[in-house]
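One letter stands for each residue in the lines below.
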Amino acid sequence: MPRSRLEELEGAGLEAHSAELLVVLTWLVLGDVELGEADRKAALRRAMLVLAAGGDPHREIDHDTVAVARLADELDTPERRASLAGALAGLATEAQGLGTVSAALTRLQDDSDLAWRTLALALVADELADE
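Residues numbered from 1 in each chain as written. Predicted model: local features only at pLDDT ≥ 70, side-chain atom pairs only at ≥ 80, totals over all residues. Heavy atoms only, no water.

Colleague: Is there a simple way to think about the pattern of salt bridges in this case?
Modeller: Opposite charge on two side chains permits them to pair, given that their charged atoms come into close proximity. Applying the stated rule across the entire model yields seven salt bridges. One salt bridge connects Arg3 with Glu7, and the closest N-O pair in it is separated by 3.2 Å. Of this pair, Arg3 and Glu7 are both found in helix α1 (residues 3-10), four residues apart, which corresponds to roughly one turn of the helix. With relative accessibility at 41%, the residue Glu7 sits in the partly exposed group. Arg81 is the salt-bridge partner of Asp113, the closest N and O atoms lying 2.9 Å from each other. With Asp113 in helix α7 (residues 112-130) and Arg81 in helix α5 (residues 78-94), the pair connects residues that are 32 residues apart, well separated along the chain. When its relative accessible area of 23% is taken as the criterion, Arg81 is described as partly exposed. (Salt bridge = Lys/Arg side-chain N within 4 Å of Asp/Glu carboxyl O. Helix = DSSP H or I, 4+ residues; strand = E, 2+ residues; numbered from the N terminus. Buried < 20%, exposed > 50% of the residue type's maximum accessible area, 1.4 Å probe, protein only.)

Take a look at the structure:
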């Protein structure tokens, strides 16, 4: 991860506790978390159906959106959580000295449930962006 991307996030004016910053940081490490393409695609397809069944699939979503919660539950394994924790730790090392980004990463590292739900939110947001 190039430090320049983290420095851009630091300068973006986001709050350390903002969902937007947490999602971006988690999205940056998605490639480091082995989800299995078939599992990821199938679970994401079901999450998108749940999202669409709830109304406009392009409405604002957050950590508590039913589709996000179901996706997080479906993909959850101890190995995947450990992989996410390791990826976030690596990113935190790269972010040393960047106050806001480091604080957000600490929050994710201190709350594995939040980190895992944020990973699911990043996956859903990424899927919506591709549509």
